[in-house]
Amino acid sequence: MDPKKIIKKYIMPNALVRLGCVVFSLLLVLTLIMGLAEMGAETPDPVEFFPSETETGTMAYIDVVGVSNWLYQYDDAIYYTVEDAYGYMYTVRLKDSQYKAMTAQQVYWNRASDSEPMPEPYHLVGYVQTTTDTIKESLSQSWSISEAEYEQYFGTLFLNATTSVGAENSAGWFLGALFSGLFALLCIIFQTRAAKVAKKCLKVLEERCLLEKAAQQLENPVNHLVIGKNRGILTQDFIFGKGTGAVVAYSDILWAYKQEQRRNFVVVSSYLMAGTPWMGVEGIIDLNRADREGYIGDALARIAEQNPDALLGYTNENRKAYKAAMKAAK
């Protein structure tokens with residue numbers, strides 16, 4: 001078998017990563033198509049809004065003759081009370097542009113008496129939603145009434161005039177597209193980075209006529225130091241990283257150290273980092289979990305045995321020495 005294929009089979013990401021790139025890319029396309037289809041779907045004619053009877057998730061309308069000042073705001077969501085020609089009150093969520101368009105309705109709300117003429121109704125269309133406990137509590141306080149009285153006056157629903165059925169139905173699809181795209185991007189980055197590292201490593205081995213020797217040592221388990229659950233293999237002369245694209249001769253390592261990735265101060269992954277003259281510093285072994293057993297330390301000890309001149313450990317002195325060595329190697 002071709003020695004390059006033998007090495008690539010080990011150092012490149014496995015078929016699951018490649019499959020993940022394809023699957024998540026397809027999911028991205030599918031969820032975007034479904035989201036756009038929902039956005040463009042024909043919206044049924046809105047029905048008259050009754051805050052205790054209209055079905056949630058439908059489009060409804062109120063012909064508004066009066067609108068209050070804002071009563072409750074949470075982030076960008078601003079809630080008002082509106083009045084129709086029959087004196088019924090409703091809770092609505094409005095865009096700033098909608099509120100500004102109802103100047104006459106604002107004036108009528110602040111009327112001195114009911115004998116003042118009504119303005120031309122503002123036809124307000126929105127998406128029917130259930131009034132949450134938080135909204136109910138805040139608006140009850142604004143009106144200085146109990147929550148039970150609030151439900152009696154305003155019902156259990158409100159009209160959200162800032163969205164539509166299409167926008168609400170497509171939101172889930174677009175959220176799915178976001179996550180699918182994120183995972184697809186991560187798979188592609190992982191695959192591309194490994195391919196880039198592998199290209200450099202294999203080119204060096206090929207130029208030095210070391211491909212066959214490296215492949216033989218990889219296949220022959222004699223003198224193998226296996227890192228973790230086969231996350232890397234250290235042979236007599238080379239280090240192979242599972243899925244990282246790395247195969248490096250000990251003699252090429254100028255600097256090596258352990259690096260840890262943390263989330264919320266908890267170690268979630270440990271890496272063997274190595275700097276060479278032709279690759280820079282790369283994570284050549286990814287343990288994919290915390291190194292509780294000291295595998296990376298074992299790898300560093302093997303490097304020290306095979307290359308006593310290598311700088312080991314992350315310190316400012318080693319970092320400066322590595323930079324100086326890189327300059328000298330150019």
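Overview of the structure. Nothing here was measured: the structure is a model prediction, and the numbers come from that model.

Some words on the overall build of the chain
Counting its secondary structure elements, the chain contains 10 helices and 15 strands. Rg of the C-alpha trace for the chain: 33 Å, well past the compact-globule value of 20 Å for 330 residues, more than 25% over. The principal-axis extents of the C-alpha atoms in the chain amount to approximately 100 × 40 × 35 Å. Burial status across the chain gives 40% buried among its 330 residues. A separation of at least 24 residues holds for 62% of the contacts in the chain among residues at least 6 apart in sequence. Here the chain displays about 18,600 Å² of accessible surface, and carbon together with sulfur accounts for 55% of that area. Averaging the locations of the 31 positively and 37 negatively charged side chains of the chain gives two centres separated by 21 Å.

A word on the side chain of Asp84
Mapping Asp84 onto the fold places it in strand β4 (residues 77–84). The buried charged residue Asp84 lacks any salt bridge, with Arg111 as its nearest oppositely charged partner at 9.3 Å. Once you skip the residues sitting within four places of it in the chain, Asp84 turns out to touch Ile62, Asp63, Val65 and Tyr90.

Concerning the nonpolar core
Looking at soluble globular proteins, one finds that nonpolar side chains tend to be buried together. Core analysis: the largest hydrophobic core is formed by 39 residues, its most contacted members being Ile7, Ile239, Phe240, Val247, Leu272, Ile284 and Ile303. Dropping the residues within four chain positions of it, Ile303 is found in contact with Ile239, Tyr250, Ile253, Ala256, Leu272, Pro308, Ala310 and Leu312. Val82, Tyr90, Val92 and Tyr99 belong to the second largest nonpolar core, which has 18 residues in total.

Looking at the sheet that holds strand β10 (residues 238–241)
To summarise the sheet geometry, strands pair through backbone hydrogen bonds and adopt either a parallel or an antiparallel arrangement. If you walk across this open sheet you meet the 4 strands as β8-β9-β10-β11, and the pairing is antiparallel. The open sheet has two edge strands with one neighbour each: β8 (225–227) and β11 (247–249). Neighbour-to-neighbour, the strand axes of the sheet open up by a mean angle of 15°, direction not taken into account. Inspection of the sheet shows β8 paired to strand β9 (residues 232–234) by 3 bridges, in the antiparallel sense. In the sheet register, Val226 faces β9, and the bridge partner there is Ile233.

Quick look at helix α1 (residues 3–11)
Within the sequence span of α1, burial applies to Ile6, Ile7, Tyr10 and Ile11. Buried residues along α1 cover an arc of 115° about the axis, so they all sit on one side. Those residues of α1 that are exposed and aimed more than 90 degrees away from the buried face are Lys5 and Lys9.

Quick notes on the pairing of β10
Along a regular strand, successive side chains alternate from one face of the sheet to the other. Of the two faces of β10, the one lined by Phe238 and Phe240 and the one lined by Ile239 and Gly241 are each fully buried. The pairing of β9 with β10 spans 3 bridges and is antiparallel. Residue pairing for β10: Gly232 is matched across the bridge by Gly241. Linkage of β9 to β10, two consecutive antiparallel strands, is achieved through a turn of 3 residues.

With respect to the pattern of salt bridges
Under the criterion given, the structure shown has 12 salt bridges. A salt bridge links Glu260 to Lys258; the shortest N-O distance between them is 3.5 Å. Two residues, Arg289 and Glu293, come together in a salt bridge whose shortest N-O distance is 3.1 Å. The exposure class assigned to Arg289 is partly exposed, which follows from its relative accessible area of 24%. The class of Glu293 is partly exposed, set by a relative accessible area of 46%. Because the salt bridges share partners, they merge into one network encompassing Lys258, Glu260, Arg262 and Asp291.

Each value, and the rule that gives it
Residues numbered from 1 in each chain as written. Predicted model: local features only at pLDDT ≥ 70, side-chain atom pairs only at ≥ 80, totals over all residues. Heavy atoms only, no water. Helix = DSSP H or I, 4+ residues; strand = E, 2+ residues; numbered from the N terminus. Rg over C-alpha atoms; globule rule 2.2 N^0.38 Å. Buried < 20%, exposed > 50% of the residue type's maximum accessible area, 1.4 Å probe, protein only. Contact = heavy atoms within 4.5 Å. Areas by Shrake-Rupley, 256 points an atom, 1.4 Å probe, with all protein chains shown as cover. Lys, Arg positive; Asp, Glu negative; His and termini not counted. Charge placed at Lys NZ, Arg CZ, Asp CG, Glu CD. Salt bridge = Lys/Arg side-chain N within 4 Å of Asp/Glu carboxyl O. Core = buried A, V, L, I, M, F, W, Y, C linked by side-chain atoms within 4.5 Å. Pairing = 2+ DSSP bridges. Axes fitted to C-alpha atoms, helices over the stretch in contact; angles between N-to-C directions. Arc of directions from axis to C-beta.

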